Amino acid sequence: EPAVEKPSVRKHSKRHRRIRIAAGQRVLDVGCGSGYDLLRLKDRGCALFGIEMNPDAAAQARANGITVFQGSADRADFPDAHFHQVTMNHCLEHFHDPGAALLNIRRMTHPEGSIYLTFPTAEGANFHLFHGDWYHLDVPRHLHFFTHDSFRRLAGRCGLRIVHRACTSGTRGLRHSLKGGLAG
């Protein structure tokens, strides 16, 4: 049986502080892995759900008390309008059909709910600085590279409205890009 993973001492990342969650709401994390990010929200009194492709990670999340659909986001079968908040941290770029995944996620999201996405952008400072040595240029694991305009078009086709956009170049991507650039 998988060990139960505990969240870090730093309970809420900047990403989680933006999420407006009330006690009793249902939160879905797409690409939930072991449930690590969801566990940071547990103390807010939410019902925790995940979608995860990796069977071992899905089992770990279940051991952590999270209800998990093991499979692809475009095939997840949670009820319509079920989730108040949905998080997708660096997973959209991995989907073979991000539009199908977003359409299904939209179906499962409450009409007054929100979907929080983070993904590497081909407009970020690290991309412009490192080009071919950019850490997130991780083919074949990363299948899509979005710009603001390409994501805006995708969101529009899926009936989603962008309410906030921020572009950050994290230190992890910078560190790994530097390693790749120096090694090459």
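From a predicted model like this one, the values you see are computed outputs, not experimental measurements. (Residues numbered from 1 in each chain as written. Predicted model: local features only at pLDDT ≥ 70, side-chain atom pairs only at ≥ 80, totals over all residues. Heavy atoms only, no water.)

Novice: Would you take a moment to explain the nonpolar core for this structure?
Specialist: Side chains that are nonpolar tend, in soluble globular proteins, to be buried together. Core analysis: the largest hydrophobic core is formed by 22 residues, its most contacted members being Leu28, Val30, Ile51, Phe78, Met88, Phe95 and Met108. When contributions to this core are tallied by element, the ones reaching two or more residues are β1 (26-30), β2 (47-52), β4 (83-89), α4 (98-108) and α6 (148-157). Counting 13 residues, the second largest nonpolar core, distinct from the first, contains Ile19, Val27, Leu41 and Ile66. (Core = buried A, V, L, I, M, F, W, Y, C linked by side-chain atoms within 4.5 Å. Buried < 20%, exposed > 50% of the residue type's maximum accessible area, 1.4 Å probe, protein only. Helix = DSSP H or I, 4+ residues; strand = E, 2+ residues; numbered from the N terminus.)

Novice: How do you make sense of the pattern of salt bridges when you look at a structure like this?
Specialist: Side-chain pairing between opposite charges can occur once the charged atoms of the two side chains come close. Under the defined criterion, the tally for this structure stands at 2 salt bridges. Salt-bridge contacts for Arg107 lead to Asp80; the nearest nitrogen and oxygen are separated by 2.5 Å. Here Asp80 lies in the loop between β3 (67-70) and β4 and Arg107 lies in helix α4, a separation of 27 residues in the sequence. Its relative accessible area of 30% is what places Arg107 among the partly exposed residues. Put simply, Arg152 and Asp149 hold a salt bridge, and the shortest N to O gap is 3.4 Å. Of the two residues, Arg152 and Asp149 are both situated in helix α6; the distance of 3 residues between them amounts to about one turn of the helix. With a relative accessible area of 41%, Arg152 lands in the partly exposed category. Overall, Asp149 belongs to the partly exposed group, its relative accessible area being 37%. (Salt bridge = Lys/Arg side-chain N within 4 Å of Asp/Glu carboxyl O.)

Novice: How should the sheet that holds strand β5 (residues 109-118) be read in this particular structure?
Specialist: Within a sheet, each strand pairs with its neighbour through backbone hydrogen bonds, oriented either parallel or antiparallel. The strand order across the open sheet built from 5 strands is β3-β2-β1-β4-β5, with neighbouring strands paired in parallel fashion. Unpaired on one side and paired on the other, β3 and β5 mark the two borders of the sheet. Strand-to-strand twist of the sheet, defined as the mean angle between neighbouring strand axes without regard to direction, takes the value 20 degrees. In this sheet, β4 lies alongside β1 in parallel orientation, the contact comprising 4 bridges. Each bridged residue has a counterpart across the sheet, and for Val30 the counterpart in β4 is Met88. Sheet strands touched by helix α3 (residues 55-63): β2 and β3. Its angle to β3, the strand with the most contacts, is close to 165 degrees. (Pairing = 2+ DSSP bridges. Axes fitted to C-alpha atoms, helices over the stretch in contact; angles between N-to-C directions. Contact = heavy atoms within 4.5 Å.)

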